[in-house]
Amino acid sequence: MVATIAFYVFALSAIAAGLMVVASKNPVHSVLFLITAFISAAGLFVLMGAEYLAMLLVVVYVGAVAVLFLFVVMMLDVDFVEMKQGFLQYLPIGGALAALVVIELILVVSVWAFPSDAELARAHPSPTAAQTVSDPNGPTNIEALGLILYTDYVHFFQIAGMVLLVAMIGAIILTFRTREGIKKQDPAAQVARKREEGVELKDIPSGQGLT
Amino acid sequence: MTLVDMLSYAYPELVLAIGSMALLITGVFMGENSAQKISLASIAVLAIAVAFVVFRPAVGGATIFADAFRIDGFSEFVKTVLYITAGFAIMMSHRYFQGDDNWRFEYPILILLSVFGMSLMVSANDLIALYMGIETQSLALYVLASINRDSRRSTEAGLKYFVLGALSSCLMLYGASLIYGFTGSVSFTEIAKIAETSGGENVGLIIGLVFLISGLAFKVSAAPFHMWTPDVYEGAPTPVTAFFAAAPKFAAMALFIRVLMTAFPTALADWQMVIALIAVASMMVGAFSAIAQTNIKRLMAYSSIGHVGYALMGLAAGTAPGVSSILIYMTIYIVMTIGAFACILMMRRRGGLTEDISDLSGLTKTNMPLALVLTILLFSLAGIPPMAGFFGKWYVFVAAVDAGLVWLAILGVLASAVSAYYYLRIVWFMWFDEPAPAFERDVGPALQMTAGVSAIMVFPILVIFIGVLYQAADRAAAALF
């Protein structure tokens, strides 16, 4: 009962927040609504028994990605009012297309039937929330993830690493420039400096001052 | 199967991945002026990968990494062509970037990484592998498109490619999630089993498939998902455009074939018409939009859209001869495209490259060898016998007619006739117009060799040895059925 109520609360807030991300005029508000959507999704994960994913979502997406978005939105000088100029112009076509897709999807959902033999096809049936809770000796979330991530899914895990490498190289190529005339610290030169090079002793006659 | 056995099937990919990382480190240590050496080393890495593919074939095929990675005759055929293409693309870039600030050692490494992604695409045997392969490839290509970062057009091309590529990824992921939802599996083999039992009543599966097809059509730049192609091809640096027009198209096409043939062979009746319509639309866009172009890179972009349409005709047939005809068609197309772009890269005057078609006027009087090579390639692109391009089209048309798609073949012939007009128009300019100022003669041996080799391949080598290519493609296609 509580789980059902919680599900509806999280699901509704996720949808409402998602809608507001697109609808709100101020981009900063959009990002804040995005954070709400992430947290709601994390709640849904907890209800499914995937508490590790929920934590990951909060830590990575809310903690890092959304904050990065906030920085970007605040730092970039983009005139969002101007960007939305053409919005009304394309609204009829876009709206019609969206309505079409929604009707199609309703048709799909109305015939949604899980194929009888699909359950067998699942190589790794994920334990449902009820099962995880009722079987305290079963693998925990992280254990279950680790078991498949480094065995059966090692291929995807490695490719993900390569994707990140490509992204890193790309970011460096497109933005890194060696700039002329900037002062850099050279620790070797600092350490190699002797006292004689830095200090000059002068014999100053008293009463005359420095020239 | 032990780990070493398993990895032995993925040697080409391992060579590419490790090679690119090693070269990256070497490049960093060697500093700014290492681009030339790293390029040569990259070509060597590709050669080693080709050697692994050719000399260590997986007899009968193998599926490793928990059913995600498939090695068979099909993937080996495609990989061989892709690696060689990438080698030529790197070679062709040298003269273009020479003396340029943008000639950086990361350029060949990015090509290696994108080829690595293409390899994964060609061998993908489940939906996750499909998506990750595409992302690896595309991410490297986005960067390559905007590698000329001080040029407004190049950065615009990269941004456009990125945004629209992300959109197509969304479509594809959405389709994949629907397919997973309605079959309960991401593996192509499992999906095929379930699609067979639930058949056409599984509307959700079909809608998911349509989304997936849309995303893939984006990647092969088939109409009506072709909008990005002309802008990206025009804006990207010319050697990059040459690479774009050749390798990624073939990789995406191979992935297209594998998804439809191994995961949805029983749903042929559902997707046949979709593919046929995409093919017709692409051929028409390719034929009619190219007529008005004045920029030769834009013209090549529309031409490539048209060629993808012809190739998709073989996919619409949905038969083994259809698949083998695509492999023949795309191989010949790649040879022609690389050659044509080598010629475009030789259109160099003092002050840089020229890209206008009118710059080619009277080329026979100023530069006869270039004019001859380009004429042969254009004849072949138009599909005029006895050039190799004609045979590519021939096999595709025959496959379509054999599968009962006579109307599709007729439309294909008509589109081919229209597109012959704009290819031959360029030939007319070159032979019978008043000469424009001559191009520079000093273009470097790499470009001359590439253009010459592809012209000789198009006529007469591939024509004489078309039987060999046919047999190889036939064997490759048989691996999917």
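Worth saying up front: this structure is predicted, and the values here are computed from it rather than measured.

**Q** When you look at the overall build of chain A in this model, what are you seeing that I'm missing?
**A** If you tally the helices and strands in chain A, you get 11 helices and zero strands. A buried classification covers 18% of the 211 residues belonging to chain A. In chain A, 58% of the contacts between residues at least 6 apart in sequence involve partners at least 24 apart. For chain A, the accessible surface area stands at approximately 16300 Å², while carbon and sulfur atoms represent 70% of it.

**Q** Even after reading the chapter, I still don't get the overall build of chain B, so can you show me in this structure?
**A** Assigned secondary structure in chain B consists of 20 helices and four strands. For 481 residues, the compact-globule estimate of 2.2 N^0.38 gives 23 Å, and the C-alpha radius of gyration of chain B, at 21 Å, lies within 12% of that figure. For chain B, the C-alpha atoms occupy an extent of roughly 65 × 55 × 40 Å along the three principal directions. By the burial criterion, 64% of the 481 residues in chain B qualify as buried. Residue pairs at least 24 apart in sequence account for 82% of intrachain contacts in chain B once pairs closer than 6 positions are excluded.

**Q** How should I be thinking about a nonpolar patch on the surface in this particular structure?
**A** Residues and elements named next belong to chain A. On the surface, L53, L56, V58, V59, V60, Y61 and L145 cluster together into a nonpolar patch covering about 510 Å² of accessible area. With six residues, helix α3 (residues 51-75) is the single largest residue contributor to the nonpolar patch. Structurally, the position occupied by Y61 is in helix α3.

**Q** Explain the interface of chain B and chain A here, please?
**A** How big an interface is tends to be stated in terms of accessible area lost as the parts join. In this complex, chain B contributes 38 residues to the contact, which on the side of chain A involves 30 residues. For the pair chain B and chain A, the two sides together bury roughly 3100 Å², of which 78% comes from carbon and sulfur. The largest per-residue losses of area from chain B upon contact with chain A belong to B:M132, B:R149 and B:F182, which jointly make up 19% of the total buried on that side. On inspection of chain B and its partner chain A, the count reaches zero salt bridges. Where chain B touches chain A, the interface holds three residue pairs in polar contact (both at pLDDT 80 or more). Every element with two or more residues in the side of chain B that touches chain A is listed here: α2 (11-30), α5 (106-123), α6 (127-145), α7 (152-183), α8 (188-198) and α9 (203-219) of chain B. With seven residues, the top contributor of residues to the side of chain B that touches chain A is α6(B). Its residues placed into classes, the side of chain B that touches chain A shows 24 nonpolar, eight polar and six charged.

**Q** When you look at the packing of aromatic side chains in this model, what are you seeing that I'm missing?
**A** The relative placement of two aromatic rings is captured by the distance of their centres and the angle of their planes. All names here are of chain B. All chains considered together, the criterion is met by 20 aromatic pairs over all chains. Relative to F52, the ring of Y11 lies with its centre 5.1 Å away and its plane at 40°, an arrangement referred to as tilted. On the criterion of sequence distance, the pair formed by Y11 in helix α2 and F52 in helix α3 (residues 35-55) is long-range, its members being 41 residues apart. A centroid spacing of 4.6 Å and a plane angle of 45° characterise the contact between Y422 and Y423, whose relative ring orientation is tilted. The same class applies to Y422 and to Y423, which are both buried. Connected via pairs of aromatic rings, a cluster forms that spans Y142, Y161, F162, W228, Y233 and F244. Directly above the ring of Y310 sits K393, whose terminal nitrogen or CZ lies 4.6 Å from the centroid.

**Q** What is the right way to read the layout of surface pockets from this model?
**A** All names here are of chain B. One number sums up the size of the second largest pocket: a volume of about 810 Å³. Along the wall of the second largest pocket there are 28 residues; nearest its centre are T80, V81, I84, T331 and L469. Going through the elements one at a time, α3, α4 (73-97), α14 (320-345), α19 (445-464) and α20 (466-478) are the ones with two or more residues in the lining of the second largest pocket. Residue contributions to the lining of the second largest pocket peak at eight residues, all from α4.

**Q** What exactly am I supposed to notice about the packing of α3(B) against α5(B) here?
**A** Packed helices, taken two at a time, are described by their axes: the angle between them and the distance between them. All names here are of chain B. Put simply, α3 and α5 touch, their axes get as near as 9 Å, and they point 20° apart. It follows that α3 is roughly parallel to α5 by the angle criterion. As α3 runs across α5, the sense of the crossing is left-handed. Here I38, S39, S42, V45 and L46 of α3 lie close against α5, whose contacting residues are P108, I109, L112 and V115.

**Q** Mind showing me how you'd approach α2(B) here?
**A** An α-helical turn contains 3.6 residues, so a residue and the one three or four places further along point in the same direction. With 20 residues, α2(B) should cover 28 Å at 1.5 Å per step; its first-to-last C-alpha distance of 27 Å lies within 8% of that length. Within the sequence span of α2(B), burial applies to B:P12, B:E13, B:V15, B:L16, B:A17, B:G19, B:S20, B:L23, B:L24 and B:G27. Considering only its buried residues, α2(B) is in contact with α9 (154-175) of chain A together with α3, β2 (69-71), α4 and α5 of chain B. Just downstream of α2(B) lies B:G31, where phi reads positive at about 90°.

**Q** Just to check I follow, could you spell out the pattern of salt bridges for this structure?
**A** If charged atoms from side chains of opposite charge come close, those side chains can pair. Residues and elements named next belong to chain B. Scanning the model with the defined rule gives 12 salt bridges over all chains in all. As a salt-bridge pair, E234 and R153 come within 3.8 Å of each other at their nearest N and O atoms. Of this pair, E234 sits in helix α10 (residues 228-235) while R153 is found in helix α7, placing the two residues 81 residues apart along the sequence. Assessed through its relative accessible area of 40%, R153 is described here as partly exposed. A salt bridge links K193 to E190, with the shortest nitrogen-to-oxygen separation between them at 3.6 Å.

**Q** Could you clarify how one ought to interpret α14(B) in this entry?
**A** For α14(B), which comprises 26 residues, the first-to-last C-alpha distance of 37 Å matches the rise-based estimate of 38 Å (1.5 Å per residue) to within 8%. In terms of burial, α14(B) is largely enclosed, as 24 of its 26 residues are buried.

**Q** Can you walk me through unusual backbone geometry in this structure?
**A** Phi is mostly negative for residues that are not glycine, and the peptide bonds are mostly trans. Residue and element names in this part refer to chain B. Between A223 and P224 the backbone carries a cis peptide bond, its omega angle lying at 0°. Inspection of the secondary structure puts P224 in the loop between α9 and α10. The omega torsion of the bond from F459 to P460 falls at 10°, within 30 degrees of zero and hence cis. Residue placement: P460 occurs in helix α19. Positioned with a positive phi, F65 is a non-glycine residue whose angle comes to about 55°. Relative to the assigned elements, F65 resides in the loop between β1 (62-64) and β2. Residue F65 is classed as buried on the basis of its relative accessible area, which comes to 10%. For A66, which is not glycine, the phi torsion reads 50° and is therefore positive. Looking at the secondary structure, you find A66 in the loop between β1 and β2. With a relative accessible area of 45%, A66 lands in the partly exposed category.

Conventions and cut-offs
Residues numbered from 1 in each chain as written. Chains lettered and ligands numbered in written order. Predicted model: local features only at pLDDT ≥ 70, side-chain atom pairs only at ≥ 80, totals over all residues. Heavy atoms only, no water. Helix = DSSP H or I, 4+ residues; strand = E, 2+ residues; numbered from the N terminus. Buried < 20%, exposed > 50% of the residue type's maximum accessible area, 1.4 Å probe, protein only. Contact = heavy atoms within 4.5 Å. Areas by Shrake-Rupley, 256 points an atom, 1.4 Å probe, with all protein chains shown as cover. Rg over C-alpha atoms; globule rule 2.2 N^0.38 Å. Patch = residues over 30% accessible without salt bridge, like charges linked within 9 Å, V, L, I, M, F, W, Y side chains within 5 Å. Salt bridge = Lys/Arg side-chain N within 4 Å of Asp/Glu carboxyl O. Buried area = accessible area lost by both parts, 1.4 Å probe. Polar contact = N/O pair within 3.5 Å; in protein donor to acceptor, adjacent residues only side chain to side chain. Nonpolar A, V, L, I, M, F, W, Y, C, P; charged D, E, K, R; others polar. Phe/Tyr/Trp six-rings, centres within 6.5 Å; stacked < 30°, edge-to-face > 60°. Lys NZ or Arg CZ within 6 Å of the ring centre and 35° of its normal. 1 Å grid on protein atoms, 1.4 Å probe; cavity = no way out; pocket = protein on both sides within 12 Å on 5 of 7 lines; lining within 4 Å. Points joined across faces, edges and corners; volume = space filled by probe spheres on them. Axes fitted to C-alpha atoms, helices over the stretch in contact; angles between N-to-C directions. Parallel < 35°, antiparallel > 145°, perpendicular 65-115°, else oblique. Left-handed = near helix turned anticlockwise from the far one by under 90°. Expected span 1.5 Å × (residues − 1).

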